[in-house]
Amino acid sequence: MAGPDQRRGALVREAATEGGSQPEEKQPPRRRQRVAPNRSRKRSPKPPSDKRSHVCSVRLNDDEKTLLSSAAAAARTTLPAFLARSGMAAAHDLDNTAAAIAGHREMVSELFAARRHLGRVGTNLNQITRAINSGGQPEELDAVLAAVGRAVDRVQAATDHLLDQT
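Quick caveat, the model's predicted, so the values are computed rather than measured. Numbering of residues starts from 1 in each chain and follows the order in which that chain's sequence is written. Reporting of local features is limited, given that this is a predicted model, to residues whose pLDDT is at least 70; pairs of side-chain atoms are given and counted only at 80 or more, and all residues count toward the totals for whole chains, interfaces and linings. Only hydrogens and water are set aside when side-chain values are computed; all heavy atoms of the structure are taken into account.

**A look at the overall build of the chain**
Each helix is a run of DSSP H or I of at least 4 residues and each strand a run of E of at least 2, with the numbering of both proceeding from the N terminus. From N to C terminus, the chain includes four helices and two strands. Along the chain, helices and strands appear, N-terminal first, in the series β-β-α-α-α-α. When a residue's accessible area, from a 1.4 Å probe over protein chains only, is under 20% of the maximum for its type it is buried; when over 50% it is exposed; and in between it is partly exposed. Looking at the chain as a whole, 11% of its 166 residues are labelled buried. Should any heavy atoms of two residues lie within 4.5 Å, those residues are considered in contact. Long-range contacts, defined here as pairs at least 24 residues apart, represent 32% of the contacts in the chain between residues at least 6 apart. For the chain, the exposed surface amounts to about 15,400 Å²; the carbon and sulfur share of it is 53%. To measure how exposed things are, a 1.4 Å probe is used in the Shrake-Rupley method; for residues, cover is taken only from the protein chains shown.

Put into structure tokens, the structure is as follows:
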């Protein structure tokens, strides 16, 4: 039986019968603790001397943007950060950068030269065809066919070189 405790002035809970069941104390339901959401850790801010304050605008076509965006995603960075880091890496290694740019320039000039050469050969082939159709046997036939072979070889070599770079 519960009754006032004479010494403390608080209720004392005693068993109704000795050895019998005890009255259950009601405990307040436990509250689940809230788990704080995982907050991303922020980097400490850059010192003012390292902050990038200059903006450079770059124009890209669709293919270039797609290629650079996928490269940036593979590097797990944004496109502007990728461009900045790639540019800085190229600027720090000028020998390789100059060689790569020179390689592209040489390739482009070689392809333009091959195109000019093929244009001249095409003109010669037209003249030979006209001569053959009028009943003649042009003496330049072997020279023109050799020039066609050389032009085809130059275009093939330039194409192979271009494919090896990619």
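Picking up where we left off.
**Some details on helix 2 (residues 79–92)**
Here helix 2 spans 20 Å end to end across 14 residues, near enough to the 20 Å set by a 1.5 Å rise per residue. Along helix 2, the positions that sit buried rather than exposed are Leu-79, Ala-81 and Phe-82. Across the axial projection of helix 2, the buried residues extend over an arc of 160°, all falling on one side. Across helix 2 from its buried face, at more than 90 degrees, point the exposed residues Pro-80 and His-92. Turning to helix 2, the residues buried within the fold contact helix 1 (62–74). Here the expected length of a helix is defined as 1.5 Å per residue gap, with one fewer gap than residues. An arc is given here, and it is the one of the directions from the helix axis to the C-beta atoms.

**Thoughts on unusual backbone geometry**
If you check the backbone angles, Arg-76 has positive phi at about 55° while not being a glycine. By secondary structure assignment, the location of Arg-76 is in the loop between helix 1 and helix 2.

**Looking at helix 1**
Along its 13 residues, helix 1 runs 18 Å from first to last C-alpha, staying within 8% of the 18 Å computed at 1.5 Å per residue. Between the side-chain oxygen of the N-cap and the backbone nitrogen of Asp-63 there are 3.1 Å, and the N-cap of helix 1 in question is Asn-61. With its phi angle positive at about 55°, Arg-76 sits one or two positions after the end of helix 1. A 3.5 Å cut-off defines polar contacts: any pair of N or O atoms within that distance qualifies, except that in protein one atom must be a possible hydrogen donor and the other a possible acceptor, and neighbouring residues in sequence count only when both atoms are side-chain atoms.

**A look at the packing of helix 1 against helix 2**
Here, axes are lines fitted to C-alpha atoms. For helices the fit covers the stretch in contact, and angles between N-to-C directions go from 0 to 180 degrees. Relative to each other, helix 1 and helix 2 sit at 90°, their axes nearing to 9 Å. Comparing the axis directions of helix 1 and helix 2 gives the class roughly perpendicular. Listed contacts from helix 2 to Lys-65, Leu-68, Ser-69, Ala-71 and Ala-72 of helix 1 are Leu-79, Phe-82 and Leu-83. Under the scheme applied, nonpolar residues are Ala, Val, Leu, Ile, Met, Phe, Trp, Tyr, Cys and Pro; charged residues are Asp, Glu, Lys and Arg; polar residues are all the others, including Gly. Here the contact of helix 1 with helix 2 is built from residues that sort into six nonpolar, one polar and one charged. To sort the angles, those under 35 degrees are grouped as roughly parallel, those over 145 as roughly antiparallel, those from 65 to 115 as roughly perpendicular, and the leftovers as oblique.

**A word on a positive patch on the surface**
A surface patch of like charges, here positive, comprises Arg-43, Lys-46, Arg-52 and Arg-85. Tracing the backbone through its elements, the reader meets Arg-52 in the loop between strand 2 (11–12) and helix 1. Classification of Arg-52 as exposed rests on a relative accessible area of 56%. Candidate patch residues must exceed 30% relative accessible area and have no salt bridge, after which like charges are joined if within 9 Å and Val, Leu, Ile, Met, Phe, Trp or Tyr side chains if within 5 Å. Definition used for salt bridges: Asp or Glu carboxyl oxygen within 4 Å of a side-chain nitrogen of Lys or Arg. Note on charges: Lys and Arg go in the positive column, Asp and Glu in the negative column, and His and the chain ends are not counted at all. A charged residue contributes its charge at one atom only: NZ of Lys, CZ of Arg, CG of Asp or CD of Glu.

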